[in-house]
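Here is what each chain is made of, one letter per residue.
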Amino acid sequence: MATFTLTINGKKRTVDAPPEMPLLWVLRDLLGLTGTKFSCGRGLCGSCTVLLDNEATRSCVTAVDFAADKNITTIEGLAADKKHPLLEAWIEENVSQCGYCQPGQILTAASLLHRKSNPTDTDIEAAMAMTLCRCGTYPRIRKAIKSAASRRAGSGGGQ
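Residues numbered from 1 in each chain as written. Predicted model: local features only at pLDDT ≥ 70, side-chain atom pairs only at ≥ 80, totals over all residues. Heavy atoms only, no water.

With respect to the packing of helix H4 (residues 85-92) against helix H5 (residues 102-115)
Then, number 1: Interhelical geometry of H4 versus H5 gives an angle of 130° and a closest axis separation of 10 Å. Relative to H5, H4 is oriented oblique. Seen from above, H4 lies across H5 with right-handed handedness. Within the contact between the two elements, H4 uses Leu86, Leu87 and Trp90 and H5 uses Gln102, Gln105, Ile106, Ala109, Ala110 and Leu113.
Then, number 2: Taken together, the residues of the contact of H4 with H5 break down into 7 nonpolar, 2 polar and no charged. (Axes fitted to C-alpha atoms, helices over the stretch in contact; angles between N-to-C directions. Helix = DSSP H or I, 4+ residues; strand = E, 2+ residues; numbered from the N terminus. Parallel < 35°, antiparallel > 145°, perpendicular 65-115°, else oblique. Left-handed = near helix turned anticlockwise from the far one by under 90°. Contact = heavy atoms within 4.5 Å. Nonpolar A, V, L, I, M, F, W, Y, C, P; charged D, E, K, R; others polar.)

What to know about the environment of Asn71
Then, number 1: Its location among the elements puts Asn71 in strand S5 (residues 71-73).
Then, number 2: By relative accessible area, Asn71 is classed as partly exposed at 45%.
Then, number 3: It is 18 Å that separates the C-alpha atoms of Asn71 and Asp16, two residues lying 55 residues apart in sequence.
Then, number 4: Once residues lying within four places of it in the same chain are set aside, the contact partners of Asn71 are Thr7, Leu51, Leu52 and Asp53. (Buried < 20%, exposed > 50% of the residue type's maximum accessible area, 1.4 Å probe, protein only.)

Examining the pairing of strand S4 (residues 55-58)
Then, number 1: Taken together, the 4 bridges between strand S3 (residues 49-52) and S4 define a ladder with antiparallel strand orientation. Among the inter-strand pairings, Val50 is bridged to a residue of S4, identified as Thr57.
Then, number 2: Adjacent in sequence and paired antiparallel, S3 and S4 are bridged by 2 residues, among which Asp53 carries a positive phi angle near 50°. (Pairing = 2+ DSSP bridges.)

Comments concerning the sheet that holds strand S1 (residues 2-8)
Strand-to-strand pairing in sheets goes through backbone hydrogen bonds, with the strands running parallel or antiparallel.
Then, number 1: Taken in spatial order, the 5 strands make up an open sheet running S2-S1-S5-S3-S4, and their pairing is mixed. Two strands close off the open sheet at either side, each with one partner strand: strand S2 (11-17) and S4. The mean angle between the axes of side-by-side strands here comes to 40°, regardless of whether they run parallel or antiparallel.
Then, number 2: The pairing of S1 with S2 spans 7 bridges and is classified as antiparallel. Residue pairing across strands places Ala2 opposite Ala17, the latter belonging to S2.
Then, number 3: Contacts from helix H1 (residues 23-30) reach S1, S2, S3 and S5, with the element oriented near 100° to S2.
Then, number 4: Contacts from H5 reach S3, S4 and S5 within the one sheet, and its direction differs from that of S3 by about 30°.

Comments concerning the packing of H5 against helix H6 (residues 121-128)
Then, number 1: Axis separation between H5 and H6 bottoms out at 10 Å; the angle between their running directions is 130°. Here H6 runs oblique to H5, going by the angle between their axes. Remark: the crossing between H5 and H6 carries right-handed chirality. Judged by residue contacts, Gln105, Thr108, Ala109, Leu112 and Arg115 of H5 engage Asp123, Ile124, Ala127 and Met128 from H6.
Then, number 2: For the contact of H5 with H6, the residue count by class is 5 nonpolar, 2 polar and 2 charged.

In structure tokens form, the structure reads like this:
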């Protein structure tokens, strides 16, 4: 057991956890941030995606000690800004169907837009390829990402 001070959604949080404990379980079980979802548990599906220093990261296979010195953003942090371009676009394009993978989809898209402000369809497909959606909402996801990129360009940027 060790004590970690994590920066999550801009706030310092202290937790006691084994260093190898997956960040997913620290977020969900120790800190009550249940927006990050558990699905495959092997880093294959993307439902557990969070941002570590703006990079999409699978929290189910990332140890808490690895994340300790990074800025962690969960869906709760992104959703705190109700006017976030991705969230607005997701709603307008009716992306969600069952909704389970959506936190991972949205955070993966946020990472993409952080790297590329005006992604092409190829950029979007490459970035989103390993974030799986059982409901098959991929065309709506692509449309929402393009819409969010346009909104950001019109507002001067932001995460």
